[in-house]
Amino acid sequence: MEVKIGVQHAPREIVLESGQSAEDIERAVADALSGKAPLLSLSDEKGRKVLVPAEKIAYVELGEPSVRRVGFGAL
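All values reported here derive from a predicted model rather than from experimental measurement. (Residues numbered from 1 in each chain as written. Predicted model: local features only at pLDDT ≥ 70, side-chain atom pairs only at ≥ 80, totals over all residues. Heavy atoms only, no water.)

### Here's the deal with the sheet that holds strand 5 (residues 57–62)
Piece 1. Ordered by their spatial adjacency, 3 strands build an open sheet running 2-1-5, and the pairing between neighbours is antiparallel. Single-partner strands in this sheet number two, and they are strand 2 (14–17) and strand 5. Averaged over all adjacent pairs, the angle separating strand axes in this sheet is 15°, with direction ignored.
Piece 2. Examined bridge by bridge, strand 1 (residues 2–7) and strand 5 share 5 bridges and lie antiparallel to one another. Pairing of Val7 across the sheet is with Ile57, part of strand 5.
Piece 3. Contacts from helix 1 (residues 22–34) reach strand 1 and strand 5 within the one sheet, and its direction differs from that of strand 5 by about 170°. (Pairing = 2+ DSSP bridges. Helix = DSSP H or I, 4+ residues; strand = E, 2+ residues; numbered from the N terminus. Axes fitted to C-alpha atoms, helices over the stretch in contact; angles between N-to-C directions. Contact = heavy atoms within 4.5 Å.)

### Here's the deal with the nonpolar core
Piece 1. Grouped together as the largest cluster of nonpolar side chains are 14 residues, with contacts concentrated most on Val3, Ile5, Ile25, Leu40, Leu42 and Val52.
Piece 2. When residues of this core are traced back to their parent elements, those giving at least two are strand 1, helix 1, strand 3 (39–43) and strand 4 (49–53).
Piece 3. If one sorts the elements of this core by residue count, helix 1 sits on top with 4 residues.
Piece 4. If sequence neighbours within four positions are ignored, Leu40 has contacts with Ile5, Ala28, Val29, Ala32, Val50, Leu51, Val52, Ile57 and Val60. (Core = buried A, V, L, I, M, F, W, Y, C linked by side-chain atoms within 4.5 Å. Buried < 20%, exposed > 50% of the residue type's maximum accessible area, 1.4 Å probe, protein only.)

### Considerations on the environment of Ser43
Piece 1. When you line up the elements, Ser43 lands in strand 3.
Piece 2. Among all residues touching Ser43, those that are not within four sequence positions of it are Leu16, Ser18, Gly19, Gln20, Arg48 and Lys49.

Listed below in structure tokens is the structure:
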């Protein structure tokens, strides 16, 4: 699933492809914004972690779950 994170006072957004479910990502964002966690911590499909201070989050956009395509045909 593609996740875009807008950071305050930063000209570019953070974009990552995460293997986590939408519910897990929503729960992590809600915990960070409510003050339960000082950082938003997400991991991408390659195992790297992205940490964003909760007070600097401007927005989080969740994309459609990605489906792996096999073959050469255009769909």
